[in-house]
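Structural overview
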Amino acid sequence: MNSPASNPRLNRVNLICLGVTDLVRSLAFYRDGLGFETPNTDDNPEIVFFDNAGTKLELYPRELLAADINAETPPPTVDTQAAFTGITLAYNAKSEAEVDAVFAKIESLGGTIAKAPERAFWGGYSGYFRDPDGYYWEVAYADSWKFDDNEMLIIE
């Protein structure tokens, strides 16, 4: 019989870490602007974890994150303001009005709108913004969506 330790399954994402250039600015964007919850009350922390339903979001200085991966030869960092990294994050809203409300505040928080919300080819309503470090977020809604007890989208 195989034990879980001898046959691991990586079938979940527990933590998403964003390497950021200015932790204070990113903390203000996510905590104060978008309402992400954190037990951290320090306005100049070394690291931040947000208490999201389902997964955690972490903010950590980009240079320190690269050094954590390999202190002797850290991977080259990418200017996320200039390049698309091939990764997007997503927030699944529960109404079109909620999507619009998020986009109404993005620029005032230091983010940029990459694509204003519009009807999407897949039948929903969706748009993209970039956080202060250039990470892309999709905010989307569809009438057919259902959520579990952790506010995670159920995909059937």
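Residues numbered from 1 in each chain as written. Predicted model: local features only at pLDDT ≥ 70, side-chain atom pairs only at ≥ 80, totals over all residues. Heavy atoms only, no water.

**Examining helix α1 (residues 23-33)**
This is how the line gets drawn: Buried, partly exposed and exposed residues are distinguished by accessible area as a fraction of the type maximum, computed with a 1.4 Å probe on protein chains only: under 20%, between the cut-offs, and over 50%, respectively. Secondary structure is summarised from DSSP: a helix means a run of H or I of at least four residues, a strand means a run of E of at least two, and numbering begins at the N terminus for each. Under the rule applied, a polar contact is a pair of N or O atoms within 3.5 Å (in protein, one hydrogen donor and one hydrogen acceptor; residues adjacent in sequence only if both atoms are side-chain atoms).
Turning to α1, its buried residues number three or more, namely L23, S26, L27, F29, Y30, R31 and G33. One side-chain oxygen of the residue at the start of α1 lies 3.2 Å from the amide nitrogen of V24, identifying that residue as D22.

**Some words on the sheet that holds strand β3 (residues 56-61)**
Counted only if it meets this: Note on pairing: DSSP must find at least two bridges between two strands before they are called paired. Lines fitted to the C-alpha atoms define the axes, with helices restricted to the stretch that makes contact. Angles between their N-to-C directions range from 0 to 180 degrees.
Strand order in the open sheet formed by 3 strands is β1-β3-β2, and the pairing between neighbours is mixed. Each edge of the sheet is formed by a strand with only one pairing partner; in this case those strands are β1 (15-20) and β2 (48-51). This sheet shows a mean twist of 20° between the axes of neighbouring strands, independent of strand direction. Of the pairings in the sheet, the one linking β2 to β3 comprises 4 bridges and is antiparallel in character. Paired with V48 across the strands is L59, a residue of β3.

**So, the packing of aromatic side chains**
Aromatic ring pairs are defined here through the distance separating the ring centres and the angle between the ring planes. Defined as follows: The rule is short: rings of Phe, Tyr and Trp, with Trp giving its six-membered ring, pair when the centres are within 6.5 Å, and they are stacked under 30 degrees, edge-to-face over 60, tilted in between. Here, a charge over a ring means that NZ of Lys or CZ of Arg falls within 6 Å of the ring centre while also lying within 35 degrees of the ring normal.
Tallying each qualifying case throughout the model produces 11 aromatic pairs. Consider the rings of W122 and W145, whose centres lie 5.8 Å apart with planes at 10°: the pair is stacked. Pair noted here: W122 is in the loop between β5 (112-119) and β6 (125-130) and W145 is in the segment after β7 (136-141), with a separation of 23 residues, a long-range link. Each member of the aromatic cluster is reached from another via a ring pair, and the members are F29, Y30, F36, F50, F103, F129 and W137. When the ring centre of F147 is taken as origin, the NZ or CZ atom of K94, which lies over that ring, is 4.9 Å away.

**Notes on the nonpolar core**
We apply this condition: In this text, buried Ala, Val, Leu, Ile, Met, Phe, Trp, Tyr and Cys residues form a nonpolar core when linked through side-chain atoms within 4.5 Å. Here a residue-residue contact requires only that any non-hydrogen atoms of the pair lie within 4.5 Å.
Formed by 23 residues in total, the largest nonpolar core has its most connected members in L18, Y30, F50, L59 and F129. When residues of this core are traced back to their parent elements, those giving at least two are β1, α1, β2, β3, α3 (96-106), β6 and β7. Here Y30 is in contact with L18, G35, F36, F50, L57, L59, D131 and W137, once residues within four sequence places are set aside.

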